[in-house]
Amino acid sequence: MSTPTPPAHPGTGTRTSTDAKANANANANTGTDAPAAEPAPRVLIADDQELVRTGFRMILTARGIDVVAEAADGAAAVAAARRLRPDVVLLDIRMPGMDGLEAARRILAQDRGCRVIMLTTFDLDQYVYAALAAGASGFLLKDVTSDHLAAAIRLVGTGDALLAPSITRRLVERYAGSDAGAAPGPSSARPRPRAAAPPRVHRDLADLTPREHEVLTLMGRGLSNGELAQALHLSEATVKTHVARIFAKLGLRDRAQAVVLAYETGLVSPGDTD
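Residues numbered from 1 in each chain as written. Predicted model: local features only at pLDDT ≥ 70, side-chain atom pairs only at ≥ 80, totals over all residues. Heavy atoms only, no water.

Another point: the overall build of the protein. In terms of helices and strands, the protein carries eleven helices and five strands. Long-range contacts, defined as pairs at least 24 residues apart, comprise 71% of the intrachain contacts of the protein with a sequence gap of at least 6. Surface accessibility of the protein: about 12,100 Å² in total, with carbon and sulfur atoms responsible for 53%. (Helix = DSSP H or I, 4+ residues; strand = E, 2+ residues; numbered from the N terminus. Contact = heavy atoms within 4.5 Å. Areas by Shrake-Rupley, 256 points an atom, 1.4 Å probe, with all protein chains shown as cover.)

Below, the structure is given as structure tokens:
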């Protein structure tokens, strides 16, 4: 079992304010004499390998990111997340006892404001796909560079999804609409999660406007807000409004679930291009 590390600053169990983040970003963009920089996200690291946890903690701490706790298995991660309410949880997909997939489901169910990044050895992993369908904001390979790791944490800490379009599309194209839990995955000497089909994310798309259908389809193909604005000849602000309305109508957490939804509802098919 893990021993949670107490937060290094006051406000234990209180998530960084989204408004504070937005204000900090606005100040930075206007070039005014703004007070504070964007607050660093508070992070929980869950992995059954102590060397991995220690390495990630050192990397993040050196870059000013607060690691509030470590956990060696899924159950400890769920308990620590409930108690400390981190902004971001780095969650190994394969752990003994409660695996990362089940832990992700429980963490996301108990705290919709928390963001989960799955850690995996393989980019085409059916359990990572299941985690994305359940609401994880993305995934990282364990050989991620130090800079990429820190950047990913900060990105999802602002509420964005961590999507590498080419890898994410390959992953979703392989497993969308299938019993991903039953599909054979890459071999590994480490304990595998119990096979379980990912939750289907079908939603009733009838409430979407034609423009929102179009935006969701292009999101499914991996387009960013800027690329959407260019493709649809809209301002980026208008695109953001459409995206927010799609998420609200369909009960989606972020773009990762939107990509899964676009494939599972047939808006996007394997092989579709931008």
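Turning our eyes to something else, we now look at the sheet that holds strand S5 (residues 138–141). Strand order in the open sheet formed by five strands is S2-S1-S3-S4-S5, with parallel pairing between adjacent strands. Edge strands, defined here as strands with exactly one partner in the open sheet, are strand S2 (66–71) and S5. Each neighbouring strand pair of the sheet contributes to a mean axis angle of 25°, computed without reference to strand direction. Here strand S3 (residues 88–92) pairs with strand S4 (residues 115–120) via five bridges, running parallel. Across the sheet, Val88 pairs through a bridge with Arg115, a residue of S4. (Pairing = 2+ DSSP bridges. Axes fitted to C-alpha atoms, helices over the stretch in contact; angles between N-to-C directions.)

Now for unusual backbone geometry. Residues other than glycine seldom take positive phi values, yet Arg85 does so here, at roughly 50°. Note on placement: Arg85 falls in the loop between helix H3 (74–84) and S3. A positive phi angle, near 60°, is found at His233, a position not held by glycine. Position of His233 relative to the elements: it lies in the loop between helix H9 (225–232) and helix H10 (236–250).

Before going further, it helps to examine H3. Working note: α-helix, 3.6 residues per turn, so residues spaced by three or four point in the same direction. Those residues of H3 lying buried are Gly74, Ala76, Ala77, Val78, Ala80, Ala81 and Leu84. Here the buried face of H3 lies against strand S1 (42–46), S2, S3 and helix H4 (100–110). Phi for Arg85, located one or two positions after H3, is positive at around 50°. (Buried < 20%, exposed > 50% of the residue type's maximum accessible area, 1.4 Å probe, protein only.)

A separate point is the packing of helix H8 (residues 210–220) against H10. Viewed as axis vectors pointing N to C, H8 and H10 meet at an angle of 95°, and their least axial separation amounts to 10 Å. When the axes of H8 and H10 are compared, the pair comes out roughly perpendicular. Where H8 approaches H10, its residues Arg211, Glu212, Val215, Leu216 and Met219 are matched on the opposing element by His242, Val243, Arg245, Ile246, Phe247, Lys249 and Leu250. Here the contact of H8 with H10 is composed, by residue class, of seven nonpolar, one polar and four charged. (Parallel < 35°, antiparallel > 145°, perpendicular 65-115°, else oblique. Nonpolar A, V, L, I, M, F, W, Y, C, P; charged D, E, K, R; others polar.)

All right, on to the nonpolar core then. Counting 42 residues, the largest nonpolar core has Val89, Leu91, Ile107, Val116, Met118, Leu132 and Leu171 as the members making the most contacts within it. Residue contributions to this core peak at seven residues, all from helix H5 (residues 126–134). Apart from residues lying up to four places away in sequence, Leu91 is in contact with Ala46, Ala77, Gly100, Ala103, Ala104, Ile107, Val116, Ile117, Met118 and Leu119. Grouped together as the second largest cluster of nonpolar side chains are 19 residues, Ile45, Phe56, Val88 and Leu90 included. (Core = buried A, V, L, I, M, F, W, Y, C linked by side-chain atoms within 4.5 Å.)

On to the side chain of Asp47. When you line up the elements, Asp47 lands in the loop between S1 and helix H2 (50–62). Judged by relative accessible area, which is 0%, Asp47 ranks as buried. At a separation of 2.7 Å, a polar atom in the side chain of Asp47 contacts the side chain of Lys142. (Polar contact = N/O pair within 3.5 Å; in protein donor to acceptor, adjacent residues only side chain to side chain.)

Purely geometric numbers; function is a separate question.
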